[in-house]
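Coordinates in review
If you want the building blocks of each chain, they are given just below.
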Amino acid sequence: MSRRPVSRTMLLSLFAALITLILTGPLSGLVLNGYDFTTRFAAPLQIAAMVLILRFIAGLLPASWLAPKQKHEVEPRAPRFKTYQLVLGGLVLYLALASLVLFASKYWLAVGIMALIYVLLGLGLNVVVGFAGLLDLGFVGFYAVGAYGYALGHQYLGLGFWAAIPLAALLAGMFGMILGFPVLRMHGDYLAIVTLGFGEIIRLVLNNWMAFTGGPNGVDAPAPTFFGWEFKANVTQGGVPFHEVWGLEYSSGMLDAFIFLVLLAVVGLTLYAVSRLRGMPIGRAWEALREDEIACRSLGLNHVWTKLSAFAMGASIGGVAGVFFAASQGFVSPISFSFFESALVLAIVVLGGLGSVYGVILAALFLTLMPEVLREFADYRILIFGFAMVLIMIWRPRGIIQQRRPFFKRAGS
Amino acid sequence: MDFYVLGQQIVNGLVLGSTYGLIAVGYTMVYGIIGMINFAHGEVYMVSAYLTAIGLAVLAYFGISNPWLLIGLTMVFAIVFTSLLGVTIERLAYRPLRRANRLAPLISAIGVSLILQNYVQLSQGAKNQGVPTLVEGVFRMGSEDHFFQITYMQMVIIIVAILAMAILNFVVQHTALGRACRATQQDRQMAQILGIDTDKVIALVFGIGAALAAVAGVLITLNYGSFDFFVGFVTGVKAFTAAVLGGIGSLPGAMLGGILLGLAESLFAGFVSSDYKDVFAFALLVGILIFRPSGLLGKPTVEKV
Amino acid sequence: MLTRFPRLALSIALVSWSALGHAAGKEILIGVAGPHTGSSAPFGLQLWKGAEKAIEDINKAGGVNGSMLRAVKADDACLPAQAKSVANKLVNTDKVNAVVGHFCSSSTIPAAGIYRENNVLMITPASTNPRVTEDENYKAKDCKAITDKAKQEQCELSNYSVIMRTCGRDDQQGVEAANFIVKELKAKSVAVIHDKDTYGQGLADAMRAHLKILGQKDPVLYEGLTRGEKDFNAIVTKIKAAKADVVYFGGLYAEAGPLLRQMREQGLKASFISGDGIVSNDFLSAAGGVKFVEGAFMTFGADLRNVPTGKAVVESFRKSGYEPEGYTLYSYTAVQAIAAAMKGTGEIQDGRKLSKWLVENGADTVMGKINWSPKGDLVKSAYVMYVWDKAGKYAETQAKKL
């Protein structure tokens, strides 16, 4: 594409600045003060000037840089590895990432744990939204089921961390099935709002059922142990302190390091499982159902079971993420499971590229690490975050990594 | 059950429901035309609440004190401004995504609502804001201390909500503009071939949707007197629920859904438990959608090959 | 007020500067944690303003032990997960010497765990939930039996908590409100409403518990409303139907305002009482004007704006165009206490040593001389009943001391 004339760019920039001036005029220029207002006319002028400059610079860039990147052709399938290659590669990758534990400060370790939790959530929701094409806005509900399952399971039944992981997956999966059942007949956005409703119902019940869940005060979740070793200065669950067994000096970072390592392994396994699922009959059924439900049903595919299994699979991954969240926080309360979290996870899945497993990982890391990096910008943090979301979406409407759909090559072509 | 208490709760529900309905109509307009959930709609409503307060303050500065004139002028100011905002948002955040995946504009909309929320917080401060009470007066039924009532402002809300819905419905069903909208909705490519500037039509619909949010913003703000930068989110989710309940895409449906939701919340909170009123509201939504998967007045999607 | 964009430019400049590395190592860093985004942001601003001002004043007077103080702002958005994250950041990345904050009890409780682990002194100016200073895993150790002098000292030190506060506790606040309701208002039927949040519900429960102790019959209504909403007409009608003559609300002003307004609009004349969550002039605008708030009661610590020691500070705040309302001065106090302990001990990092010093010596602050229990609660935190008047201001009630 050729460059646009500079004079036209100038004109467009001026127009953009004018609109900005009108739009920010009252909101930035007149600041409410009780029932009265004070003026601050410099602010809208500054914003408009900034828009003028940015728009002008953007106009000077070659148009192809800014145009949405969309590829429509189907890409060839990624090369298949042999099992031993995968195991070996995975192990090397795991060790490389695990060694981060040795260098990261406790703060970055905690941020890393949150990022991995969101990767897990993203992978879970990706099964539902990306593979099966069911728009789920209440995913945070399953996350809450997992987190509360662990915390309450410990409180009432004395469940430990390792028992909680499979049980939470099972429990959340069951919730996924139960909640999935009534929505089978619904499509698209009706499904979205009903799942949103379910997510809210779970949160509200957790918040209101004082006697069982501790209401808004939340519940304490125990720190995980490893074969009876506890990662605390003083044992609280009748084990032995890890640092004493190994003759190390106690450090509060040990617990985080342990959670990080376990979580990393779980993310790796989930990643493997999810990528394998796509190639298996059930994964193909999900994707087929997403593309054309009627065709699938007429071919005898059991759409009820297919949809429910997608819900259950996604939910159990969300539940496992919840256990890790509770374990790393040491405390769960309903505020952590608001609708905004669902929106964030959905953003991860869409920004990453619907259905793309690796895209989800990239987007999860990006969306969780960015607000932390932006902490330097203090109050502007969320504003910049919002702009980034819109801009990335416009720049890459199909996500950071575009979806690859498995297909079969016709012989001879 | 006390008749007056029941009456009051029904009035409460109608008023709350009308506020949901007013915002839900905006959701439904946009959804109807491009099939997209405009998550930023709640924030546009929030912006108009701020504009109401700013408008009133500026008008008071110029010495205007007639309440109806104040409301009228503020309304015009808010409508013009928010429509422009709506059109701008559409142009910048949604139009580039017209041909993308259905979920891309949804995420973009979440981004826009974060931007609006934080922009308003940064420019106007995080604190709660308020507007003075302009319209006083109340209509009461019953004896001195045993009555139910509706304030004049509440009456205005109910009437305007129904009127706005009716006018829009007329526009969509019986005017050239409405035909262009419906054509764009049914088949955008075909509409374009027939000479309809679909981009313009969509922008216009966003403008109208935002204008409705402005009407809602002015009236609701005047009724409750206080707001902050977070109101858009709370009300937005409820209004969206109302739109879906009534059958998203249907204007009378949005109003019906709003009123039903308002009544359900009000009666449940009033006679059972306000702790669980939202649980009840969402459970009702699920219940209704199980039996009518396209909402109360939505067109059932016919499955055909 | 600084306009936004120069400030943005400034912050960018600061970032690049801090990336170059700090030249002066002699600074003492005070983390100031509170909500700066999300619906509780106004309170975060109060904490920040108070701490900022205190640091400025202390630096003007020559700093602490020859070092200057610097505030590090941390936004927890009142979300527990973010609170933990910023606590970790303050402790491990910024390496702050002490922390003022957080605001929401639900954020302070999880964050406190991190400060405990790292032995960093945290003083909250605002979290009134009892659980903030009650550490469940904590047991006071008996150190008398230890013969080794150094070890005994170590042991004694570990009995001090690094989590302290300059505000009272909800169980004290609820008691004051219950006393007032029973003895002053002579209420027959009380409706208790709360906002289903750690602070609001905790306060409401504390009040309700003390009502029972005073022999009052159970509240005629005990219900939660939803934070963020503005329409409470349904609950108001319910209160009216229950014929309550006193309405107690546990929550923040953003909900208290509309609730009170709708009560009055529906012709409900019952007295309205709430806690320190409505101590803000914004309560006035949230309720829609003077005629609605007039006569509303609330419990709060003695108004520091009237305490003689605080006069000059208040004046100086007002001169800069900021009304030091709500928790502002409590936050100011917290910084003063930290500075006093650092001066007193010569220690700037060890949280337990600082807290031991504060418990043993108390501190002279804008609140006057204050003392702490080893747990970190104020020894004396008299809650006082305030009432809003016709002019839209609040003042202590003239009622006789109970």
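Everything discussed here concerns the structure shown above.
Let me begin by describing the structure that accompanies this report. Everything quoted here is computed from the prediction, not taken from an experiment.

1. Description of the pattern of salt bridges
Under the defined criterion, the tally for this structure stands at 30 salt bridges over all chains. Between Glu291 of chain A and Arg290 of chain A there is a salt bridge whose closest N-O contact spans 3.0 Å. Given a relative accessible area of 46%, Glu291 of chain A falls into the partly exposed group. Arg165 of chain C is the salt-bridge partner of Asp377 of chain C, the closest N and O atoms lying 2.8 Å from each other. Taken as a pair, Asp377 of chain C in the loop between strand 12 (368–370) and strand 13 (383–388) and Arg165 of chain C in strand 5 (residues 163–165) lie far apart in primary sequence, 212 residues in all. For Asp377 of chain C, a relative accessible area of 7% corresponds to the buried category. Via salt bridges that share partners, Glu134, Arg165, Arg169, Asp171, Lys375 and Asp377 of chain C belong to a single interconnected network.

2. Some remarks on the state of the cysteines
All names here are of chain C. Per the counting criterion, the structure on display carries one disulfide over all chains. Between the sulfur of Cys78 and that of Cys104 lies a disulfide, 1.8 Å long from S to S. With the S-S bond torsion at 85 degrees, the cross-link from Cys78 to Cys104 turns out right-handed. Taken as a pair, Cys78 in the loop between strand 2 (69–75) and helix 3 (80–93) and Cys104 in the loop between strand 3 (98–100) and helix 4 (105–118) lie far apart in primary sequence, 26 residues in all. Judged by its relative accessible area of 8%, Cys78 is buried.

3. Quick look at the interface of chain A and chain B
Listed as interface residues are 60 residues of chain A and, on the opposing side, 70 residues of chain B. For the pair chain A and chain B, the two sides together bury roughly 5700 Å², of which 77% comes from carbon and sulfur. Summed over the shared surface of chain A and chain B, the result is zero salt bridges. Where chain A touches chain B, the interface holds nine residue pairs in polar contact (both at pLDDT 80 or more). Among the secondary structure elements, those contributing two or more residues to the side of chain A that touches chain B are helix 1 (6–29), strand 1 (30–33), strand 2 (36–39), helix 9 (188–208), helix 14 (293–298), helix 16 (339–352) and helix 18 (381–395) of chain A. A total of 13 residues in the side of chain A that touches chain B trace back to one element, the largest contributor, which is helix 9 of chain A. Here the residues of the side of chain A that touches chain B sort into 44 nonpolar, nine polar and seven charged.

4. As for the nonpolar core
Within soluble globular proteins, side chains that are nonpolar generally end up buried alongside one another. Counting residues in hydrophobic clusters, the biggest one holds 232 residues, and the most contacted among them are Ile117 and Phe324 of chain A. Two domains each put at least three residues into this core: domain 1 (6–65) and domain 2 (83–395) of chain A. Each residue touching Phe324 of chain A, except ones within four places of it in the same chain, is listed here: Ile117, Phe161, Ile165, Ile259, Val262, Leu263 and Val266 of chain A. By size, the runner-up hydrophobic cluster in this structure holds 100 residues, among which are Ala177, Ile181, Ala187 and Tyr253 of chain C.

5. Comments concerning the packing of helix 1 of chain A against helix 3 (residues 67–94) of chain B
Viewed as axis vectors pointing N to C, helix 1 of chain A and helix 3 of chain B meet at an angle of 130 degrees, and their least axial separation amounts to 11 Å. Taken together, helix 1 of chain A and helix 3 of chain B sit at an angle that is classed as oblique. The chirality of how helix 1 of chain A crosses helix 3 of chain B is left-handed. Taken together, the residues of helix 3 of chain B that come into contact with helix 1 of chain A (itself represented by Ile19, Ile22, Leu23, Pro26 and Leu27 of chain A) are Phe77, Phe81, Leu84, Leu85 and Thr88 of chain B.

6. Brief notes about the pairing of strand 1 (residues 28–34) of chain C
Residues and elements named next belong to chain C. Among the seven residues that make up strand 1, seven are buried, leaving the element largely enclosed by the rest of the structure. Burial of strand 1 is two-sided: the residues Ile28, Ile30, Val32 and Gly34 facing one way and the residues Leu29, Gly31 and Ala33 facing the other way are all buried. As paired elements, strand 1 and strand 2 share seven bridges and run parallel to each other. Residue pairing across strands places Gly34 opposite Asp75, the latter belonging to strand 2.

7. Structural notes on the sheet that holds strand 4 (residues 121–124) of chain C
Residue and element names in this part refer to chain C. As summarised here, the arrangement of the five strands in space is 2-1-3-4-5, forming an open sheet in which the pairing is parallel. Only two strands of the sheet have a single neighbouring strand rather than two, namely strand 2 and strand 5. Geometrically, the sheet is characterised by an average inter-axis angle of 25 degrees between neighbouring strands, direction not taken into account. Summarising the sheet, strand 3 and strand 4 pair through three bridges and their orientation is parallel. Bridge assignment links Ala98 to a residue of strand 4, and that residue is Leu121. The strands touched by helix 2 (residues 41–60) are strand 1 and strand 2; relative to strand 2, the strand with the most contacts, the crossing angle is about 170 degrees.

What counts, and at which threshold
- Residues numbered from 1 in each chain as written.
- Chains lettered and ligands numbered in written order.
- Predicted model: local features only at pLDDT ≥ 70, side-chain atom pairs only at ≥ 80, totals over all residues.
- Heavy atoms only, no water.
- Salt bridge = Lys/Arg side-chain N within 4 Å of Asp/Glu carboxyl O.
- Buried < 20%, exposed > 50% of the residue type's maximum accessible area, 1.4 Å probe, protein only.
- Helix = DSSP H or I, 4+ residues; strand = E, 2+ residues; numbered from the N terminus.
- Disulfide = S-S within 2.5 Å.
- Contact = heavy atoms within 4.5 Å.
- Buried area = accessible area lost by both parts, 1.4 Å probe.
- Polar contact = N/O pair within 3.5 Å; in protein donor to acceptor, adjacent residues only side chain to side chain.
- Nonpolar A, V, L, I, M, F, W, Y, C, P; charged D, E, K, R; others polar.
- Core = buried A, V, L, I, M, F, W, Y, C linked by side-chain atoms within 4.5 Å.
- Domains from an automatic or database assignment.
- Axes fitted to C-alpha atoms, helices over the stretch in contact; angles between N-to-C directions.
- Parallel < 35°, antiparallel > 145°, perpendicular 65-115°, else oblique.
- Left-handed = near helix turned anticlockwise from the far one by under 90°.
- Pairing = 2+ DSSP bridges.

Nothing here speaks to function; it is geometry throughout.
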